[in-house]
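What follows is the residue order along each chain.
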Amino acid sequence: MSRLTRESDHKLVQSAKSGSSAAFGKLVKKYQQKVLYLAFDLIHDYEDAKDIAQEAFIKSFEKLHQFEERAQFSTWLYRITVNLAMDQHRRRKRRPHDSLEDNIREIERQKTSEQAEEGRRSERELQTSAQRDEIEKALQNLSENQRIATVLKYFHQKSSKEIAEVLGCSESTARIHLFRAVKNMRKHLKGIQESL
Amino acid sequence: MKSCPFEHLLVSYVQNELSADNRLRLRNHILNCDHCRNLLADFTSVDRLLQNFERKPIPKKLYRTYKKQLATLYEPESLWKNAVNVVRRLLTLLSSRAPALRVARSLAVLLIGILVGRYFFFPSQTPEIISEPRTTLTKDDIQFISDYVVKSELLLLTIANSTNDEPSEDDIFLNKDIAQSLLYKTAQVQRKAHALDDQIIITFLTHLELVLLEISNREDEEIRSSFQEIRNMVNEANMVQKSRRLQRRLEKTLSENV
């Protein structure tokens, strides 16, 4: 993140802390898409991702006065989002029936939309879609920390230092999570790699 | 070799996160380590795959709803939106089936009915206060008041200066005669004084009327026994002095023209 962005975030956070809802509005507008994608990358459900992203902003709004700016605002916001997404993920695991029903619904929905779109897709697009599905599956098989580290690194362009701040661990631990994640994904993605 | 102590640095190497020294050192190691070389090849391809990964776009409708809901966090609701919300809440309240609200609703309807019915069928019966038109005082009117005050001074002086606690029959007769003739004109003078709107004259006339009533409505014997009280009444209220002051005031009014 550039120095300019960080400074502008700092100013906006200061204004928001002193009660400016317009400043908080600017922060929301700046990160709303990224936060929604982050939530979706972690739990793979649009509706849940939307709820989590909204909750993350509400929480950040409520806890803003506690934010001491030791980390960047975006990192702090990402940490809130990641925690909420992981809570949701664990809740889902505890309710296998719901999750199964959700999965069936999701599969049916995807099948319908895929059938509808299949005719319009080119071969190249189908190949990309298959790759995407494989990558998503490989991501789902990772441990929580490995998945968070991978998502932050590759989909949100965060450095190892920022990943460590989000995960609340040391930078070297974050690198190890990332290393193990890539190592595990390598096994799952062997087939795709060979086809490339 | 199943693993290498430097392998965990490979990801950082691929992502160019190592310092220049460490990067150089690791590159030298990779050249001599088959395990790390193979791993690096795999990591590079996984890295490339992930770097080029294209997410499914977020459905537009969902994103719109999400943005709209987020906006409520920082955008104050407009006045008309608040008004609509108030009306909506009111309607919800009115259509509620809660017993307490039903009773309150019935009472409100009854109250409105009573008020409307009272307005249409029983119009206000409070008599209208018709104010007397104020007459414009002439010079003669002022003169009339002035003569009355002069005459009253005569009576008041006789009472105030009397040293005898029990006046003679003649004195009583004279005082009673003057009092009755003054009392006869009192209402007329008071009316004119009100028209003049002079509070000093009005107060004086009220006091004087009390004295006149004490004298004119009593029997001679009663007057004699209560004469001391009447005299005290006149003296305590400084009625003689007030009468003189009033005369001067009225003369001044007369000279200034009405």
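For every chain, the first residue of its written sequence is number 1, and the numbers climb from 1 along that sequence. As a convention, the first chain written is A and the first ligand written is 1, with the rest following in written order. The model is predicted, so local features are restricted to residues of pLDDT at least 70 and side-chain atom pairs to those at 80 or more, both for listing and for counting; the totals for chains, interfaces and linings are taken over all residues. Heavy atoms from the whole structure form the basis of all side-chain values; hydrogens and water molecules are not counted.

Participant: Give a detailed account of the overall build of chain A, specifying residues and quantitative values.
Facilitator: A helix here means a DSSP run of H or I that spans at least four residues, while a strand means a run of E at least two residues long, and both kinds are numbered starting from the N terminus. From N to C terminus, chain A includes 10 helices and zero strands. The buried label goes to any residue with under 20% of its type's maximum accessible area, the exposed label to any with over 50%, and the partly exposed label to all in between, with areas taken from a 1.4 Å probe on protein chains only. Expressed as a percentage of the 196 residues in chain A, the buried residues total 45%. Here, two residues are considered to be in contact whenever any of their heavy atoms come within 4.5 Å of each other. Within chain A, residue pairs in contact and separated by at least 24 positions form 64% of the contacts whose partners lie at least 6 positions apart. Accessible area for chain A stands at about 10,700 Å²; split by element, carbon and sulfur atoms hold 47% of it. Here, Shrake-Rupley sampling with a 1.4 Å probe gives the accessible areas, and only protein chains in the shown set may cover a residue.

Participant: Could you give an account of the interface of chain B and chain A, with specific residues and numbers?
Facilitator: Each partner contributes residues to the interface: chain B has 31 residues there, and chain A has 44 residues. Joining two parts hides part of their accessible area as seen by a 1.4 Å probe, and the buried area is that hidden amount summed over both. When residues of chain B are sorted by the area they lose upon contact with chain A, Arg-55, Lys-56 and Tyr-74 of chain B head the list and together hold 19% of the total. Every case where a carboxyl oxygen of Asp or Glu lies within 4 Å of a side-chain nitrogen of Lys or Arg is listed as a salt bridge. Linking chain B with chain A are three salt bridges. What qualifies as a polar contact is a pair of N or O atoms within 3.5 Å, subject to a donor-acceptor requirement within protein and to the restriction that residues adjacent in sequence count only when both atoms come from side chains. Scanning the region where chain B abuts chain A turns up 11 residue pairs in polar contact (both at pLDDT 80 or more). Secondary-structure elements contributing two or more residues to the side of chain B that touches chain A are helix H1 (10-14), helix H3 (34-51) and helix H4 (60-74) of chain B.

Participant: Give a description of helix H3 (residues 46-63) of chain A that names residues and reports values.
Facilitator: All names here are of chain A. By definition here, a helix of n residues has an expected span of 1.5 Å times n minus one. Here H3 is 18 residues long and its end C-alpha atoms lie 25 Å apart, about the 26 Å a rise of 1.5 Å per residue gives. All of the buried residues in H3 are Tyr-46, Asp-48, Ala-49, Lys-50, Ile-52, Ala-53, Gln-54, Ala-56, Phe-57 and Ser-60. Where H3 begins, the side chain of Asp-45 points an oxygen toward the backbone nitrogen of Glu-47, at a separation of 3.1 Å.

Participant: Account for the side chain of Arg-147 of chain A, naming residues and giving values.
Facilitator: Residue and element names in this part refer to chain A. Relative to the assigned elements, Arg-147 resides in helix H7 (residues 144-155). The buried charged residue Arg-147 lacks any salt bridge partner; its closest oppositely charged side chain belongs to Glu-144, at an N-O distance of 5.9 Å. At 3.3 Å, the side chain of Arg-147 and the side chain of His-89 are in polar contact. Sequence-distant contacts of Arg-147, that is, excluding residues within four places in its chain, are made with Leu-42, Met-86, His-89, Leu-139, Gln-140 and Leu-142. Charge assignment in this entry is limited to Lys and Arg as positive and Asp and Glu as negative, and neither His nor the chain termini are counted.

Participant: Quick one: what's the story with the packing of helix H9 (residues 199-216) of chain B against helix H11 (residues 227-236) of chain B, residue by residue and with numbers?
Facilitator: Residues and elements named next belong to chain B. Axis geometry follows a simple rule: fit a line to the C-alpha atoms, using only the stretch in contact for helices, then measure angles between N-to-C directions, giving values from 0 to 180 degrees. One can describe the packing of H9 onto H11 by two numbers: an axis separation of 11 Å at closest approach and a directional angle of 165 degrees. Taken together, the axes of H9 and H11 lie roughly antiparallel to each other. Read as a crossing pair, H9 and H11 show a hand that is left-handed. Packed against H9, whose contacting residues are Leu-210, Val-211, Glu-214 and Ile-215, the element H11 presents Ile-230, Met-233 and Val-234 at the interface. Here is the rule for angles: anything less than 35 degrees is roughly parallel, anything more than 145 is roughly antiparallel, 65 through 115 is roughly perpendicular, and the remaining ranges are oblique. The crossing is said to be left-handed when, going from far helix to near helix, the turn is anticlockwise and less than a right angle, and right-handed when the turn is clockwise.

Participant: Describe in detail the nonpolar core, supporting the description with residues and values.
Facilitator: We define a nonpolar core as any set of buried Ala, Val, Leu, Ile, Met, Phe, Trp, Tyr and Cys residues linked to one another through side-chain atoms lying within 4.5 Å. Ranked by internal contacts, the top residues of the largest apolar core, which has 77 residues, are Val-35, Phe-73 and Met-185 of chain A. Per-element accounting of this core gives the leading share, 13 residues, to helix H2 (residues 21-43) of chain A. Setting aside chain neighbours within four positions, we find Val-35 of chain A in contact with Ala-53, Ala-56, Phe-57, Leu-77, Tyr-78 and Thr-81 of chain A together with Tyr-66 of chain B. Membership of the second largest hydrophobic core comes to 33 residues, among which are Ile-145, Ala-160, Ile-178 and Leu-208 of chain B.

Participant: Tell me what's going on with the packing of aromatic side chains, and back it up with residues and numbers.
Facilitator: One pair of aromatic rings is described through two measures. These are the centre distance and the angle between the planes. Here the aromatic set is Phe, Tyr and Trp, taking the six-membered ring for Trp, and pairing holds for ring centres within 6.5 Å; pairs whose planes are under 30 degrees apart are stacked, those over 60 apart are edge-to-face, and all others are tilted. Using the criterion set out here, one finds nine aromatic pairs over all chains in the structure. For the ring pair Phe-73 of chain A and Trp-76 of chain A, a centre distance of 5.9 Å and an interplane angle of 50 degrees mean the geometry is tilted. You can see Phe-73 of chain A and its partner Trp-76 of chain A sitting in helix H4 (residues 73-94), three residues apart, about one turn around the helix. Of the residues examined, Phe-73 of chain A reaches a relative accessible area of 4% and is grouped as buried. For Trp-76 of chain A, a relative accessible area of 18% corresponds to the buried category. Taken together through their ring pairs, the aromatic side chains of Tyr-31, Phe-67, Phe-73 and Trp-76 of chain A make up a single cluster. Placement of a charge over a ring requires the Lys NZ or Arg CZ to be within 6 Å of the ring centre, with the centre-to-atom vector within 35 degrees of the ring normal. The side chain of Lys-158 of chain A reaches across the aromatic face of Tyr-78 of chain A, ending 4.5 Å from its centre. One Lys or Arg, Arg-23 of chain B, reaches over the ring of Tyr-13 of chain B and ends 4.3 Å from the middle of that ring.

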